[in-house]
Amino acid sequence: MPIPPGDYELLPEHATLTVFTGREGMAASVGHDLTLEVGHWTAAVHIDEDLAACTLAVTADLSTLEVVEGIGGAMPLTSDNIADIEKNARKALAVDRHPALIFTSTSVTGTWDAATIRGELTLHGQTAPQDLTLNRVGQVGDDQWRVSGEVVQSRFGIKPFTAFLGALKVKDEVRFEVVAAFGEASGS
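Note that the structure is a prediction, hence the values are computed from the model and not measured. (Residues numbered from 1 in each chain as written. Predicted model: local features only at pLDDT ≥ 70, side-chain atom pairs only at ≥ 80, totals over all residues. Heavy atoms only, no water.)

### Considering the overall build of the chain
Check the secondary structure of the chain and you find 1 helix and 13 strands. Seen in sequence order, the chain has helices and strands lined up from the N terminus as β-β-β-β-β-α-β-β-β-β-β-β-β-β. For 188 residues, the compact-globule estimate of 2.2 N^0.38 gives 16 Å, and the chain sits close to it at 17 Å. Along the first, second and third principal axes, the C-alpha set of the chain runs to 55 × 30 × 25 Å. (Helix = DSSP H or I, 4+ residues; strand = E, 2+ residues; numbered from the N terminus. Rg over C-alpha atoms; globule rule 2.2 N^0.38 Å.)

Okay, here's the thing in structure tokens:
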């Protein structure tokens, strides 16, 4: 068993919750593929010797979403562009009414090297089933793990951002990941 059994709390000090957006449409070359990070979040992880008995509960404050990188585009991102992107993201996510993203696992299957975490995701005030993938980062003996997944925004009532009369669109599918080192997390 690669992680000692116990209860762990992961925070931004131990791991990064990263969101990746893509672009599409006739004017896609003008926009940027974005990397964003959530500044305030927490994850409660229960590790058991039996993988199926492990649990994960995540709460993230989406009002703390910040752009950390923009790739591509006709021009580099400016601080004004970044401020506009963050404002538009908060508006699309309706963080004034629904600031929290909440994930609660319902089952874990697979192996320690590649597992599926099934659960319920609440986003934009709507709840739906969501699968996440757990895998080890690096070699056996490393204590870093990646939990990742893909959210389809429209499934949660979110209208992906568009510009230039719809010629530039943020893809409906948004990828996310948390990479954590359990040796740095607080546990019991």
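Next comes the rest of the account.
### A look at the pairing of strand β4 (residues 33-47)
As defined by bridge partners, strand β1 (residues 6-10) adjoins β4 across 5 bridges and the pair is classed as antiparallel. Following the sheet pairing, G6 is matched in β4 by I47. Here 4 bridges tie strand β2 (residues 15-21) to β4, and the two strands are oriented antiparallel to one another. Paired with F20 across the strands is T35, a residue of β4. Here 13 bridges tie β4 to strand β5 (residues 55-71), and the two strands are oriented antiparallel to one another. Counterpart to T42 in the pairing with β5 is T59. (Pairing = 2+ DSSP bridges.)

### A closer look at the nonpolar core
Membership of the largest hydrophobic core comes to 44 residues, with the highest contact counts inside it found for V38, W41, V45, L56, I117 and L123. When residues of this core are assigned to their parent elements, the largest contribution, 7 residues, is made by β4. With sequence-adjacent residues up to four places away left out, W41 is seen in contact with L10, L11, P12, A15, T16, L17, T59, A60 and V178. (Core = buried A, V, L, I, M, F, W, Y, C linked by side-chain atoms within 4.5 Å. Buried < 20%, exposed > 50% of the residue type's maximum accessible area, 1.4 Å probe, protein only. Contact = heavy atoms within 4.5 Å.)

### With respect to the sheet that holds strand β10 (residues 162-163)
Across the sheet, 3 strands lie side by side as β3-β11-β10; this open sheet has antiparallel pairing. The open sheet terminates on both sides in strands that have one partner only, identified here as β3 (23-24) and β10. Where β10 meets strand β11 (residues 168-170), 2 bridges bridge the pair, whose relative direction is antiparallel. Bridging across to β11, A163 finds its partner in L168.

### Quick word on the environment of S148
Here S148 shows up in strand β9 (residues 144-152). C-alpha of S148 to C-alpha of T133: the two residues are 15 residues apart in sequence and 5.2 Å apart in space. When residues no more than four places from it in sequence are discounted, the contact partners of S148 are L132, T133, F176 and E177.

### As for unusual backbone geometry
Of note, A94 is a non-glycine position whose phi angle comes to about 55 degrees, a positive value. The residue A94 is located in the loop between α1 (79-93) and β6 (100-110) in this model. The class of A94 is buried, set by a relative accessible area of 1%. Positive phi, close to 60 degrees, is recorded for H124, a residue that is not glycine. Within the secondary structure layout, H124 lies in the loop between β7 (114-123) and β8 (126-136). Under the relative-accessibility criterion, H124 is labelled buried at 14%.

### Quick look at the pattern of salt bridges
According to the stated counting rule, one finds 4 salt bridges in the structure shown. A salt bridge links D131 to R118; the shortest N-O distance between them is 3.1 Å. Of this pair, D131 sits in strand β8 while R118 sits in strand β7; the two residues are 13 residues apart in sequence, bridging distant segments of the chain. Judged by relative accessible area, D131 falls into the partly exposed class, the value being 39%. The salt bridge partner of R146 is E177, with a shortest N-O separation of 3.1 Å. One end of the pair, R146, is in strand β9; the other, E177, is in strand β12 (residues 173-181), with 31 residues separating them in the sequence. (Salt bridge = Lys/Arg side-chain N within 4 Å of Asp/Glu carboxyl O.)

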